[in-house]
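The lines below spell out each chain.
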Amino acid sequence: MATMTIVQAVKRALDEEMARDERVVVLGEDVGKRGGVFLATEGLYQKYGPDRVIDTPLSEAAIIGAAVGMAVHGLRPVAEIQFADYVFPGFDQLVSQAAKIRYRSGGQFQAPMVVRMPSGGGVKGGHHHSQSPETHFAHTAGLKVVVPSTPYDALGLLKTAIRDDDPVVFMEPKRLYRSIKEEVPDEEYTLPFGEAAIRRAGSDLTMITYGGPTVESLKAAEELEKVGVQAEVIDLRTLVPWDKETVLNSVAKTGRALVIAEAPRMASFASEVAATIAEELLDQLLAPPIRVTGFDTPYPYIPDRLYMPTVTRILNAAKKALEY
Amino acid sequence: MFQPFTEEPIRLIDEKGNWIGDFELDLSEDALLTLYRNMVAGRLLDERYIVLLRTGKTSFVAPAAGHEAAQVGMAAAIRPGFDWVFPYYRDKTLLLSLGYPAEQLFAQMAGTVLDPNKGRQMPEHPGHKDLNVFTVASPIASHVVPAVGAALSMKFQGTGQVVLTTFGDGATSEGDWHAGLNFAGVQGAPIVFAAENNRYAISVDFSKQSASARIADKAHAYGMPGYVVDGMDVLASYYVMREAVSRAREGLGPALVELLVYRYGPHSSADDDSVYRPKEEVEAWKKKDPITRFERFLEKRKLWTPEFGEQVRDEERKKLEAAEEKALSAQAVPPEWMFDDVYAERPWHLEEQKRILLEEL
Ligand SMILES: Cc1ncc(C[n+]2csc(CCOP(=O)(O)OP(=O)(O)O)c2C)c(N)n1
């Protein structure tokens, strides 16, 4: 067992997959000699050379669009977008090409590719280094969306993403890149999409979350325990497909649901989960599902951490649900 | 009249400080000394920002030492407060030279209420409506097309204004950059595109960015002249920019000016440049320093002595220190400001969300 951070887990997943399958290539800005600005590709250029670790010109349209072409022609590209906020110049390629080529061609062509991107706030980066744009991808038919929150999951899910036959958007919560360390098995493993992880069991309230706010959710659950409330914390891990069964089973048991995410609330993935709970479990709910999300403003530089769901905000919402 | 598309960069001062232009220098002594003072002030500002970072007063710096001559030259070529500027994040010396108040630049770095942008953006992202400086956006090249739009508005309204937009070499790979130049070319927009080519986009050197020998060459494709300039030469930067700006003002259309510069520091405070470029390369460029070169030029004209240089540095340092003091002693931006300016008026859902935040403060 080795102890590693999320960024190290990502690097190991890339390395193992590149060693296993020579069709796997990495492309992006500064992924070569520099090893990526977060060092997620460190050492790969030296190991696999410039034809498999490609420093691209500064164009996300080129990165994602070329990945589509490589994928339809038989490679397994893993594109890095330096920050999720910079996916937008490549958004058309993702939405119009990657997401639709299988459907558009009646299944003749497929684009097995991964687009990795550090996402989320808490790094004092202002709006263009802090956003959580997963809703755009989840809203786009044809894209799978994965958001790990631990090193173990990052490793297993990224390997699955690379082997998957569909385009996968792989979002890495950058504020957790180095803050969480965890033991990870030395042997190879993969993790399936569509299976949530129950991070903490409880009977009074369910917190459904993913990515960065998993940390605040667990802290809030600890606080609640001090006052005798047992919260169950579910980390979705993958958004498309998402694990409806685990969520509904838990909420059926607790009768109360908080959906906690960093992305803005308006038309968000959190809203999708909350709506599903309301639709399918209405008669078993003790309180309406409550969303605790980022605010519907651009992500401000000041205040940085207060934009995202704080422990206090989660506790305020829990109180509302418990006192309903 | 400068020739576009030259093989060698346009240069007016050689490295020994000799004037090598084939025309009469038409700047007053005062104007020359202002160029000098602005470069010195820009260098000092850059140094102060790094101190702010080390003392935890800011969270990010984009070092600009090495870019001073290009930026001071451009600033002098336009009419501040009349023409519009769409800058990028490495332009502190340009903005300071345009008269952007230093205390407001410092306030932007620290997120205090003196920042006209209300602390909304990360450091090195200023902007100022009164000075017609469009607030910087991080996404590379995203400001280039809006800059063209503003120029078209100027053209259609016949205001006589010109747009200056700046960007790095990496920006020339983005689709938006090409979309902007193409549209400007088609419409003959009054705009000057200024590439501050420091050879690197973070770690990616220019040979991996473009197969063109020069950025200026790309102007060909968009039907405008492209000039390549020694951007470590403040007079070359100024004169070429002046010509490009006056062409645009006269209705002769856009131009692309490539200023060859070098950034002495890492890409940003989050970067380690030793991984991708040799120290010797940096040292070699520092020997071509634009401020030193201009000092030699001024010295030959009896406008500069080491004592005078020291005096200018002292004066500028004092001004910056006073500005910094004022900016940093101002109140920090209050958290609830985040709900303002999302729209012209705050809709109900933001009122609700503001209450959620206030509940927890
Ligand atoms: C659309 C977009 N993609 C990626 C980035 C991340 N990034 C910030 S600066 C930079 C390099 C820019 O290089 P260049 O345009 O040459 O300007 P320089 O920083 O060298 O002055 C990159 C890739 C970004 N800000 N925007």
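The rules behind these values
- Residues numbered from 1 in each chain as written.
- Chains lettered and ligands numbered in written order.
- Predicted model: local features only at pLDDT ≥ 70, side-chain atom pairs only at ≥ 80, totals over all residues.
- Heavy atoms only, no water.
- Helix = DSSP H or I, 4+ residues; strand = E, 2+ residues; numbered from the N terminus.
- Rg over C-alpha atoms; globule rule 2.2 N^0.38 Å.
- Contact = heavy atoms within 4.5 Å.
- Buried < 20%, exposed > 50% of the residue type's maximum accessible area, 1.4 Å probe, protein only.
- Polar contact = N/O pair within 3.5 Å; in protein donor to acceptor, adjacent residues only side chain to side chain.
- Domains from an automatic or database assignment.
- Pairing = 2+ DSSP bridges.
- Axes fitted to C-alpha atoms, helices over the stretch in contact; angles between N-to-C directions.
- Near = heavy atom within 4 Å.
- Areas by Shrake-Rupley, 256 points an atom, 1.4 Å probe, with all protein chains shown as cover.
- Expected span 1.5 Å × (residues − 1).

S.K.: Teacher, can you tell me more about the overall build of chain B here?
M.R.: Secondary structure summary: chain B contains 13 helices and seven strands in total. In terms of overall dimensions, chain B is globule-like: its C-alpha atoms have a radius of gyration of 21 Å, near the 21 Å expected for 361 residues. Seen along its three principal axes, the alpha-carbon backbone of chain B occupies a region of about 70 × 50 × 40 Å. Looking at chain B alone, contacts between residues at least 24 apart form 73% of all its contacts between residues at least 6 apart.

S.K.: Which parts of the structure should I look at to understand the environment of K226 of chain A?
M.R.: Residue and element names in this part refer to chain A. Note that K226 resides in helix α8 (residues 214–226). Taking relative accessible area as the criterion, K226 reaches 64% and is therefore assigned exposed. Taking the C-alpha atoms as reference points, K226 and T246, separated by 20 residues in sequence, lie 26 Å from one another. There is a polar contact of 3.0 Å between the side chain of K226 and the side chain of E223.

S.K.: Explanation requested: the domain arrangement of chain B in the structure shown.
M.R.: The figure often quoted for interface size is the accessible area lost as the parts come together. The domain architecture assigned to chain B consists of domain 1 (29–330) and domain 2 (335–361). If you average the C-alpha positions of domain 1 of chain B and of domain 2 of chain B, the two centres end up 35 Å apart.

S.K.: What is the right way to look at the sheet that holds strand β7 (residues 255–260) of chain B in this model?
M.R.: Two orientations exist for strands paired in a sheet by backbone hydrogen bonds: parallel and antiparallel. All names here are of chain B. The parallel open sheet is built from five strands, whose spatial order is β1-β2-β3-β7-β6. Each of the sheet's edge strands pairs with one partner strand only, and the pair in question is β1 (84–86) and β6 (226–230). Pairs of neighbouring strands in the sheet enclose a mean axial angle of 20 degrees, with direction left out of account. Sheet topology note: the β1/strand β2 (residues 163–168) ladder contains three bridges and is parallel. Residue F86 lies in a different strand from β2, and its bridge partner there is T165. Strands β2, β3 (191–197) and β7 of the sheet are contacted by helix α2 (residues 68–77), whose axis makes an angle of about 170 degrees with β3.

S.K.: Can you help me understand the sheet that holds strand β5 (residues 114–119) of chain A in this one?
M.R.: Residue and element names in this part refer to chain A. In space, the seven strands of this open sheet follow the order β3-β2-β4-β5-β7-β6-β12, with mixed pairing throughout. The open sheet has two edge strands with one neighbour each: β3 (53–55) and β12 (238–240). Between one strand axis and the next, the sheet turns through 20 degrees on average, direction left out of account. As judged from the three bridges shared by strand β2 (residues 24–28) and β3, these two strands associate in the parallel manner. In the sheet register, V26 faces β3, and the bridge partner there is V53. Running at roughly 135 degrees to β2, helix α1 (residues 6–20) makes contact with β2, β3, β4 (76–80), β5 and β7 (168–173) of the sheet. Together, β2, β4, β5, β6 (144–146), β7 and β12 form the strand contacts of helix α7 (residues 151–163), whose direction differs from that of β7 by roughly 160 degrees.

S.K.: So what exactly am I meant to see when it comes to the site of the ligand here?
M.R.: Around the ligand sit 22 residues in total, of which E60 of chain A together with Y88, Y89, R90 and G170 of chain B are the nearest. More than one chain lines the surroundings of the ligand; the residues nearby belong to chains A and B. The contact in question runs from a nitrogen atom of the ligand to an N or O atom on the side chain of Q82 of chain A, over 3.4 Å. Between Y86 of chain A and the ligand, the recorded distance is 3.2 Å, taken from a side-chain N or O atom to a nitrogen atom. Taking 580 Å² as the accessible area of the ligand by itself, protein coverage stands at 97%.

S.K.: Any chance you could explain helix α10 (residues 269–281) of chain A here in plain terms?
M.R.: Residue and element names in this part refer to chain A. Its 13 residues give α10 an end-to-end C-alpha distance of 18 Å, which sits within 8% of 18 Å, the value for a rise of 1.5 Å per residue. Considered for burial, the residues of α10 that qualify are F269, A270, S271, V273, A274, T276, I277 and L281. Close packing links the buried residues of α10 with α6 (134–138), β10 (205–209), β12, α9 (244–254), β13 (257–264) and β14 (290–294).

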